[in-house]
Amino acid sequence: MGKYIVLAALLLAYPTFVGDFFTFQIGAYALLLGTVALSLQVLGGYGGMVSLSQLTVAGIAGYTVAILGDNTTNVMGLGWPWWCVVTAAIAIAAIAASLIGAISVRTEGIYTIMITLAIAVSFFYFVRQNYPVFNGFTGLAGVEPPRFGALYLRDPAPFYYLSLAIAAVFFWAVRYERHATFGLALQAIRDNPRRMAALGYNVPLHRVAAHALAGVIAGTAGVALVWFNGRISPGTVGVDVAIDILIIAVIGGMRHPIGPFIGALVFVLLENFAIDLIDRERFNTVIGLCFLAIVFLSPDGLLGLFDKARQAVRADTPKPQEPRKHPDKLHHNR
Amino acid sequence: MRQEHLTMGVVTCLAAVFVALIFMVWPDWLVDVMGRKKQFVNTFLNGITLAGLYFLVASGFTLVFGLMRNVNLAHGAMYLLGGYIGYEIAERTGNWYLGAVAAFIAVALTGAALQVAVFRRMQGDDLRQTLVTIGISIVAADLMLATWSGTTYQFQPPEWLFGATQLPVITTIKPSGAEVYLNYPTYRLFVLGVAIVVGILLWLFLNRTRIGMMVRAGVDDREMLAASGVNVNLVFVIVFAIGAGLAGFAGVIGGSALSIAPGEDIRYLLASLVVVIVGGMGSVPGAAAGAILIGLAEQFGLAYFPTYGVVLTFLIMVIVLAVRPQGLMGRS
């Protein structure tokens, strides 16, 4: 508990130490990317379903905001009040996620990756070729967050605290869910779906419910992301970005909900600063190689490396220690 | 069995309707309903020739998957790599055929090297293999962008493939009574021909050779194949090389029909994924059936409802997954 209080204090005080760039482009962006990756952690880490369509779900929420709310593109922009727009966007994202779940849960393991990847790519091509609703290649621009008097949500500090609130709420929700009845059932289904079915659990329903929960998480982050960017286009929901979410979750580690946020921070820092060390254009090679290194060295991501290091340190000290158990590792082969 | 008869019946009827629509002269009322016959036949041929290209790409993907349970998400990158290598060789030697052969060999060797150096280390760990192929595809796409830049490359296929061929299909009859025959790009017909030849060669390889027999046995039961004294690793390398080589070869064939540019890798990866999901994972005839279905759906979608074309492809995938999760010709 103590470490969470320290972490919360650090995160709350963060904007007072750094400038606007670090508050907005690094801090808020990493928190939101981390939240999208958190929705993948719920599915992959607890449910054993590695989905590549979580960014698509976030994108659906983002497009909903641009379509139902205001934009400056003269395509759609129905001008609903912001709270209607936000509610509708998250609800539609959850419904879309449940449908994706319903399509993909009939198959297992790597089939889930293939089907969700196909869904993600289809959505990308669909919004790119559809002009009446999604304005095709250009997308929808001029999406504004709501204003409350003098408080403008896209100012760095307010937006940072909004992102922090979203991330914190879902972090706690996922952390709670892990030990709640539903979360335990989900993890048991991941480890042995047949046995759980024999015990009378409705396996597909639990999986679809996990997709719905992940959809709410990804959808909320998607709403904030479209406010962050002020626009949304097919490039926002492209395959490369969808894969970035997977990279973030894998680099951080899917074992614990803090993993995706660590991954997102590393990713955003690399994106902004590693390119200064090497050729600016070769970011994808760097991040791809980091990803490969993590997959080869530590299936549990940076969290796994951290634990290994800690165990190595403890092994050096003479007093005997209980071996740490990891009941919920990202799993594996059947 | 009864359901299979029903399916066969539906498929035969649909095929008969298509053949009739293509060869008969359309009466006016049909033109009113469906638009001009030329558009319909052109769309149909575009769909079928695109299916040929999709089959070339997806057959390798499904072959690898069927035997090794390795979802090679770098398959699109191999298509693109084949296209670029083929382009370089064809430009330097001035021989397009040499480019196609070189693309096959170079990408097949790359695939074999990947199988030996990377995938063999994580045999049986499907998820990690898939993650590795994702990582490889990211790095490969970026390095190809660095090497060949974002330019679009256009192949120079041999002379005889240029121009159009007159097909024995009457599009309209002029008021003067003269029959107007359909002209169709020769190269696209060539693509279809190549796909059929490759399909037959694959069938012969799988059904008439010793290694093909081992591959089929391995698809059914890997452990038993290994237990009966076959060098499974060698079979894996050969199949991976053929699968990758086909993707590289398709890069030249498809790159000559359209062009070679960054982003094509994703397009053909999606095509392979959907074709294989629809057709049945691991089945080469399934890849052919899926390719025809998806090729036709894509072209008809593009021609008749341009801004919702992808939805048609997507719906086919969803319906197949709902009715037969293992795909049209896949085994459960």
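Residues numbered from 1 in each chain as written. Chains lettered and ligands numbered in written order. Predicted model: local features only at pLDDT ≥ 70, side-chain atom pairs only at ≥ 80, totals over all residues. Heavy atoms only, no water.

### Focus on the pairing of strand β2 (residues 179-185) of chain B
Residue and element names in this part refer to chain B. Judged from the seven bridges that link them, strand β1 (residues 164-173) and β2 form a sheet pairing that is antiparallel. Note that in β2 the partner of threonine 172 across the bridge is valine 180. Between β1 and β2, which pair antiparallel one after the other, the connecting turn spans five residues, and glycine 177 there sits at a positive phi close to 100 degrees. (Pairing = 2+ DSSP bridges. Helix = DSSP H or I, 4+ residues; strand = E, 2+ residues; numbered from the N terminus.)

### Concerning the pattern of salt bridges
All names here are of chain A. Tallied over the full model, the rule gives nine salt bridges over all chains. Aspartate 307 serves as the salt-bridge partner of arginine 255, at 2.2 Å between the closest nitrogen and oxygen. In this pair, arginine 255 sits in the loop between α10 (239-252) and α11 (258-277) while aspartate 307 sits in helix α13 (residues 301-316), placing the two residues 52 residues apart along the sequence. Judged by relative accessible area, aspartate 307 falls into the buried class, the value being 7%. Ionic pairing is found between arginine 310 and aspartate 307, a salt bridge with its closest N-O pair at 3.4 Å. Taken together, the residues span about one helical turn, with arginine 310 and aspartate 307 both in helix α13 at a distance of three residues. Salt bridges sharing partners connect three or more residues here, namely Arg255, Asp300, Asp307 and Arg310. (Salt bridge = Lys/Arg side-chain N within 4 Å of Asp/Glu carboxyl O. Buried < 20%, exposed > 50% of the residue type's maximum accessible area, 1.4 Å probe, protein only.)

### So, the interface of chain B and chain A
Taken together, the contact pairs 47 residues of chain B with 43 residues of chain A. A buried area of about 3800 Å², summed over both sides, lies between chain B and chain A, and 77% of it is on carbon and sulfur atoms. At the boundary of chain B and chain A, one finds one salt bridge. Across the salt bridge formed by aspartate 142 of chain B and arginine 282 of chain A, the nearest N and O atoms sit 3.0 Å from each other. Summed over the shared surface of chain B and chain A, the number is six residue pairs in polar contact (both at pLDDT 80 or more). For the side of chain B that touches chain A, the leading source of residues is helix α6 (residues 126-148) of chain B, giving 15 residues. When the residues that make up the side of chain B that touches chain A are grouped by side-chain class, the tally is 35 nonpolar, six polar and six charged. (Contact = heavy atoms within 4.5 Å. Buried area = accessible area lost by both parts, 1.4 Å probe. Polar contact = N/O pair within 3.5 Å; in protein donor to acceptor, adjacent residues only side chain to side chain. Nonpolar A, V, L, I, M, F, W, Y, C, P; charged D, E, K, R; others polar.)

### As for the confidence of the model for chain A
All names here are of chain A. With 94% of its residues at a pLDDT of at least 70, chain A reaches an overall mean of 88. No element of chain A has a lower mean pLDDT than α13, at 84, and none a higher one than helix α3 (residues 54-68), at 96. Low pLDDT (under 50) marks residues 320-334, which in the prediction has 31 contacts with non-local residues, meaning those over four places away or in another chain. (pLDDT = per-residue confidence, 0-100.)

### Considering a nonpolar patch on the surface
Residues Ile196, Val197, Ile200, Leu201, Trp203 and Leu204 of chain B make up a contiguous nonpolar surface patch of roughly 580 Å² in combined accessible area. In this fold, tryptophan 203 of chain B is placed in helix α7 (residues 186-208). (Patch = residues over 30% accessible without salt bridge, like charges linked within 9 Å, V, L, I, M, F, W, Y side chains within 5 Å. Areas by Shrake-Rupley, 256 points an atom, 1.4 Å probe, with all protein chains shown as cover.)

### Things to note about α13 of chain A
Residues and elements named next belong to chain A. An ideal rise of 1.5 Å per residue puts 22 Å on 16 residues; α13 measures up with 23 Å between its terminal C-alpha atoms. Here α13 has its buried residues at Gly301, Leu303, Gly304 and Asp307. Each buried residue of α13 lies within a common arc of 110 degrees when the element is viewed along its axis, so the set occupies one face. Across from the buried face of α13, at angles greater than 90 degrees, the exposed residues are Val313 and Asp316. (Expected span 1.5 Å × (residues − 1). Arc of directions from axis to C-beta.)

### Considerations on the environment of isoleucine 85 of chain B
All names here are of chain B. For isoleucine 85, the position within the fold is in helix α4 (residues 75-93). Remark: the alpha-carbon pair of isoleucine 85 and valine 17, spanning 68 residues in sequence, is separated by 42 Å. With residues near it in sequence (within four places) discarded, isoleucine 85 still touches Ala102, Ala103 and Ala106.

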